[in-house]
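Here is how the chains run, residue by residue.
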Amino acid sequence: MRSAPIFALRRQAKTLSREQRLKYGKALDQVARREGFQSWSHLMADSGQPDLAALLLSELTAGDLVLLGARPGHGKTLLAMEAALAAARTGWRAHFFTLDYSKSDMVDRLRQLGHDPDRALDDLQLDTSDCICADYIIQQVGQHVDRTLVVVDYLQLLDQDRRHPDLQSQIVALSGFARRAGAVILFISQIDRRFEATDRNLPGLLDVRIVNPLDLSLFNKTCFLHNDQVQMKSVA
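First, a word on scope: everything that follows refers to the structure included in this document.

Thresholds applied
Within every chain, residues take consecutive numbers counted from 1 along the sequence as written. At least 70 in pLDDT is required for a residue's local features to be given in this predicted model, at least 80 for side-chain atom pairs to be given and counted, and no such filter applies to totals for whole chains, interfaces and linings, which use all residues. With hydrogens and water excluded, all non-hydrogen atoms of the structure serve as input to the side-chain values. In the sections that follow, a salt bridge refers to a side-chain nitrogen of Lys or Arg positioned within 4 Å of a carboxyl oxygen of Asp or Glu. Only DSSP runs of H or I with at least four residues qualify as helices, and only runs of E with at least two residues qualify as strands; both kinds are numbered from the N terminus onward. For the exposure calls, accessible area comes from a 1.4 Å probe over protein chains only, and a residue counts as buried if that area is under 20% of its type's maximum, exposed if over 50%, partly exposed in between. To estimate the expected span of a helix, subtract one from its residue number and multiply by 1.5 Å. By definition, residues are in contact when any of their heavy atoms lie within 4.5 Å.

1. Overview of the pattern of salt bridges
Next up, step 1: Under the criterion given, the structure shown has seven salt bridges.
Next up, step 2: Two residues, D64 and K221, come together in a salt bridge whose shortest N-O distance is 2.8 Å. Here K221 lies in strand β6 (residues 221-226) and D64 lies in the loop between α4 (52-58) and β1 (65-70), a separation of 157 residues in the sequence. Each member of the pair, D64 together with K221, is buried.
Next up, step 3: Ionic pairing is found between D207 and R200, a salt bridge with its closest N-O pair at 2.8 Å.
Next up, step 4: D207 sits in the buried class, given a relative accessible area of 10%.
Next up, step 5: The network of salt bridges with shared partners includes R11, R71 and E196.

2. Some details on helix α1 (residues 6-20)
Next up, step 1: With 15 residues, α1 should cover 21 Å at 1.5 Å per step; its first-to-last C-alpha distance of 21 Å lies within 8% of that length.
Next up, step 2: Within α1 the residues assigned to the buried category are I6, F7, A8, L9, R10, A13, L16 and S17.
Next up, step 3: The inward-facing, buried residues of α1 abut α2 (24-34), α3 (40-46) and α5 (76-89).
Next up, step 4: Looking one or two residues past α1, R21 carries a phi angle of roughly 55°, positive in sign.

Okay, structure coming up:
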């Protein structure tokens with residue numbers, strides 16, 4: 001039996017990674033061995049958790065603009081990666097645009113999830129360009145996007161480069177593109193730390209960390225994670 005929930009074990013691994021200057025994947029494996037498992041992937045296989053990636057994909061339809069939010073260490077990036085890989089395995093095109101991770105970071109996390117990085121990156125169109133913005137994403141994805149999942153990592157980083165349009169304008173552009181082209185666009189999002197001072201089990205749209213104005217009603221679906229709990233719903 002695990003000594004702590006998955007989200008808490010991930011936090012332990014992050015602390016270990018920082019303190020011992022280990023790659024995150026190696027830190028996860030070390031935590032897993034402390035728990036009596038051969039590796040992190042074995043621990044996850046034994047966890048009995050539902051296949052959240054499959055659940056997420058089952059809720060998506062063409063034209064969706066989806067917000068996936070959680071506090072650090074609760075698995076939002078890993079869930080988005082698994083969803084993209086699962087989509088690719090079922091014949092979808094899958095793009096993963098990240099302003100947060102380098103290619104080596106992504107390779108490390110793919111190994112952590114138990115995937116062969118070379119094979120996974122054959123299926124997943126990974127883009128780590130510093131130029132990532134709405135216009136760049138639309139240009140790279142193209143117009144023929146039937147059964148295409150686009151992951152953007154992460155929402156708030158689109159708001160940092162003053163050379164690009166403001167965040168509201170970018171999300172409006174991507175929302176229109178998703179509807180016109182029939183793509184599904186999933187944004188990984190930060191959750192404000194003030195949420196942890198509440199007594200609620202899961203965050204919501206009011207907890208999304210926003211620095212500059214953004215109409216969150218542009219997102220028609222949400223998925224929030226916290227303490228190994230997940231809630232997916234359509235936004236009215």
